[in-house]
Amino acid sequence: MKREGIALIVVSQIMACTNRVVTLPNSYNGQGGRKDLIEMVDTKALPLDSISSPMPVYMQLYKNDNSNILTFLNQYNSCIYYYDYSNCTYLYKKSFNLQGKNKIQKPVAYCIINQDSICILDAAKMSVTLFRSSDKKIIRSISLKGKGEKDWPLKFPQYQLTTANPIVLYKDSILFPGQMFWSILPEMINETNIFVSANYITGQVNYYHHYPSEIYEGVNWEGGLYTSVNSAIIADTIIYSFPPSHNLYITNISSSMYKIIFGGSQFAKTNNSIDYPISKSTPIEMIMDHNLKQDTYGPIIYDPYRRVFYRFVSHRLYNVSPTTSFRNKEISIIILDDRWNYLGEKNIGLGMSWNINNSFVTEEGLNIEYYDSDNSDEDFMYFRIFKLTDNE
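Residues numbered from 1 in each chain as written. Predicted model: local features only at pLDDT ≥ 70, side-chain atom pairs only at ≥ 80, totals over all residues. Heavy atoms only, no water.

J.: Mind showing me how you'd approach the overall build of the chain here?
T.: Scanning the chain from N- to C-terminus turns up three helices and 27 strands. Relative to the globule expectation of 21 Å for 392 residues, the C-alpha radius of gyration of the chain, 21 Å, shows essentially globular dimensions. Expressed as lengths along the three principal axes of its C-alpha atoms, the size of the chain is roughly 60 × 50 × 40 Å. Looking at the chain as a whole, 54% of its 392 residues qualify as buried. Sequence separation of 24 or more characterises 56% of the internal contacts of the chain that already satisfy a separation of 6 or more. Element-wise, carbon and sulfur atoms account for 50% of the exposed surface of the chain, whose accessible area totals about 17000 Å². When the 36 basic and 38 acidic side-chain charges of the chain are each reduced to a single mean position, those positions are 5 Å apart. (Helix = DSSP H or I, 4+ residues; strand = E, 2+ residues; numbered from the N terminus. Rg over C-alpha atoms; globule rule 2.2 N^0.38 Å. Buried < 20%, exposed > 50% of the residue type's maximum accessible area, 1.4 Å probe, protein only. Contact = heavy atoms within 4.5 Å. Areas by Shrake-Rupley, 256 points an atom, 1.4 Å probe, with all protein chains shown as cover. Lys, Arg positive; Asp, Glu negative; His and termini not counted. Charge placed at Lys NZ, Arg CZ, Asp CG, Glu CD.)

Below you can see the structure in the form of structure tokens.
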């Protein structure tokens, strides 16, 4: 079932000087039925040392001599750990300098260029650093805040990158999405970029793409969750998954236009922005309550082995209390083929059991980090592997 160009949005103006309220209906709610085309087929366990813990902030899987090498960032000791993922064997770790002119102050994400070179996102400097691991030297530091003006956070995106929403290597550049952590003012909708290309050879940085105005322009999406930007990057094609939208927004680096495709859950309902007039003054309790009561779309991942996309959605809650957390939401995996036909979706249970931000694809299937409540000593990092049962 292909649903192209579906972008139903209802907008109402509260007051001339306040936010709009945007309603995002799901016209395909309840249609098509549940198709469990994906099932769990295996579990893997990575042994951890005494100073590593499950749910690391960032991981990367890459090929080395036809082997799958899984890496993760340990922020406690500023090291990247390397494993042979085929047999879950620890290989080695690479550390960063914490002092001196070659120090990496706050590594939060990275992209392995080759065995010796790593591009590291340093949140303290708000820069991308090309780091040579053999002698622990910084080869190039690329600023992501323009010329360093004091108001740079108003002009340039910030970054919450994850394994499922990663830095991607493309030619001599690294590509990755960014976001604003507050609602987008009408005068900023065409000034705020959400995508970065940084050439690690020349240091050239280019910014691309804007938030869709029909969702974000002058709308209260406070809290940072609904302004987050998830993307699947395939060469120079970018597929955006915005948290409140049932649609996917498709473009390429050289384009300023979006192709809009329905890519939502059959079980998601209408999403609404926060109905509070002044974004910056929105009570935190209202933001948290709103986040729990909306269907929230997360990462979108392309599977080149099966030529499908996986899109995560956290389903809304109806009965919440002050102690209810986002991890109490149930999670589903939506499956679309590479022509955007809906194939089905599977509910995998409560978010408290899964870290969907640490998801990636191997020949075996879709790998998702799983939190095992019996793993109280945190001796292992577990992954559950899901594979399509049909359409192989």
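What follows continues from the structure just given.
J.: Sorry, what's going on with the side chain of asparagine 220 here?
T.: Tracing the backbone shows asparagine 220 in the loop between helix 2 (213–216) and strand 16 (230–234). For asparagine 220, the side chain forms a polar contact with the main-chain oxygen of tyrosine 276, separated by 3.1 Å. Side chain to side chain, asparagine 220 and threonine 282 meet in a polar contact 2.9 Å long. In this structure asparagine 220 touches Asn19, Arg20, Ser183, Ser273, Ile274, Tyr276, Ile278, Ser279 and Thr282, once residues within four positions along its chain are discounted. (Polar contact = N/O pair within 3.5 Å; in protein donor to acceptor, adjacent residues only side chain to side chain.)

J.: Where do I start with unusual backbone geometry in this structure?
T.: Excluding glycine, most residues fall at negative phi; most peptide bonds, likewise, are trans. Unusually for a residue other than glycine, serine 78 sits at a positive phi of about 50°. Inspection of the secondary structure puts serine 78 in the loop between strand 5 (67–74) and strand 6 (79–84). The exposure class assigned to serine 78 is buried, which follows from its relative accessible area of 6%.

J.: Whenever I open this one, the nonpolar core confuses me. Can you help?
T.: In terms of nonpolar packing, the biggest core is built from 36 residues, with Leu121, Leu144, Ile167, Ile174 and Phe176 touching the most fellow members. Taken together, the elements giving at least two residues each to this core come down to strand 5, strand 6, strand 8 (107–112), strand 9 (117–122), strand 10 (127–132), strand 11 (137–143), strand 13 (173–177) and strand 14 (193–199). If one sorts the elements of this core by residue count, strand 8 sits on top with five residues. Ignoring sequence-local partners within four residues, the contact set of isoleucine 167 consists of Tyr58, Ala109, Tyr110, Cys111, Leu121, Leu161, Ile174, Leu175 and Phe176. (Core = buried A, V, L, I, M, F, W, Y, C linked by side-chain atoms within 4.5 Å.)

J.: How do you make sense of the pattern of salt bridges when you look at a structure like this?
T.: Side chains that differ in sign of charge can pair as their charged atoms come close. In total, this model carries ten salt bridges according to the counting rule given. In this structure, arginine 306 and aspartate 303 form a salt bridge, with 2.6 Å as the shortest nitrogen-oxygen distance. There is no split in this pair, since arginine 306 and aspartate 303 are both buried. (Salt bridge = Lys/Arg side-chain N within 4 Å of Asp/Glu carboxyl O.)

J.: Sorry, what's going on with the sheet that holds strand 3 (residues 38–47) here?
T.: Sheet strands line up and pair through hydrogen bonds in the backbone, either parallel or antiparallel. Taking strand neighbours across the sheet as the criterion, the four strands line up as 3-27-26-25 in an open arrangement whose pairing is antiparallel. Taken across any chain shown, the strands that pair with only one partner, and hence form the sheet edges, are strand 3 and strand 25 (354–362). Across this sheet, the average inter-strand angle for adjacent strands is 25°, counted without regard to direction. (Pairing = 2+ DSSP bridges. Axes fitted to C-alpha atoms, helices over the stretch in contact; angles between N-to-C directions.)

J.: Honestly, the packing of aromatic side chains in this entry has me stumped. Any pointers?
T.: The geometry of an aromatic ring pair comes down to the distance between the two centres and the angle between the two planes. Applying the stated criterion across every chain, the model contains 29 aromatic pairs. Considering the side-chain rings of phenylalanine 72 and tyrosine 83, the 5.9 Å spacing of their centres and the 25° angle between planes classify their relative orientation as stacked. Placement of phenylalanine 72 in strand 5 and of tyrosine 83 in strand 6 is noted, with a sequence separation of eleven residues between them. Accessibility assignment for this pair places phenylalanine 72 and tyrosine 83 in one class, buried. Consider the rings of phenylalanine 96 and phenylalanine 131, whose centres lie 5.5 Å apart with planes at 90°: the pair is edge-to-face. Highlighted residues: phenylalanine 96 in the loop between strand 7 (89–95) and strand 8 and phenylalanine 131 in strand 10, separated in sequence by 35 residues. (Phe/Tyr/Trp six-rings, centres within 6.5 Å; stacked < 30°, edge-to-face > 60°.)

J.: What am I meant to see in the pairing of strand 17 (residues 237–241) here?
T.: Extensive coverage of strand 17 is indicated by the burial of four of its five residues. Bridge count for strand 16 against strand 17 is five bridges, and the pairing is antiparallel. When the sheet's bridge partners are listed, serine 231 is paired in strand 17 with tyrosine 240. Where strand 17 and strand 18 (residues 247–252) come together, four bridges link them in antiparallel fashion. From the neighbouring strand, threonine 237 faces strand 18, where its bridge partner is asparagine 252.

J.: Where do I start with the confidence of the model for the chain in this structure?
T.: Do not read the fine detail of predicted coordinates wherever pLDDT is low. Across the chain, pLDDT averages 91, with 93% of residues at or above 70. Low pLDDT (under 50) marks residues 1–17, which in the prediction has 47 contacts with non-local residues, meaning those over four places away or in another chain. (pLDDT = per-residue confidence, 0-100.)

J.: Help me understand the environment of isoleucine 239, please; the structure alone is not making it clear to me.
T.: Inspection of the secondary structure assignment puts isoleucine 239 in strand 17. When neighbours within four sequence positions are excluded, isoleucine 239 is seen to be in contact with Asn230, Ser231, Ala232, Ile234, Leu248, Tyr249, Ile250, Ile300, Phe309 and Trp340.

J.: Teacher, can you tell me more about the sheet that holds strand 12 (residues 168–170) here?
T.: Spatially, 12-13-14-15 is the arrangement adopted by the four strands of the open sheet, whose pairing is antiparallel. At either margin of the open sheet sits one strand with a lone partner, and together these are strand 12 and strand 15 (205–210). Neighbour-to-neighbour, the strand axes of this sheet turn through a mean angle of 25°, independent of strand direction. As judged from the three bridges shared by strand 12 and strand 13, these two strands associate in the antiparallel manner. What sits directly across from leucine 169, in strand 13, is isoleucine 174.

J.: Looking at this model, I keep getting lost on the pairing of strand 18. Mind explaining?
T.: Along any regular strand, the residues point their side chains to alternate faces of the sheet. In terms of burial, strand 18 is largely enclosed, as five of its six residues are buried. Two successive antiparallel strands, strand 17 and strand 18, enclose a turn made up of five residues. Here strand 18 pairs with strand 19 (residues 259–262) via four bridges, running antiparallel. Each bridged residue has a counterpart across the sheet, and for asparagine 247 the counterpart in strand 19 is phenylalanine 262.

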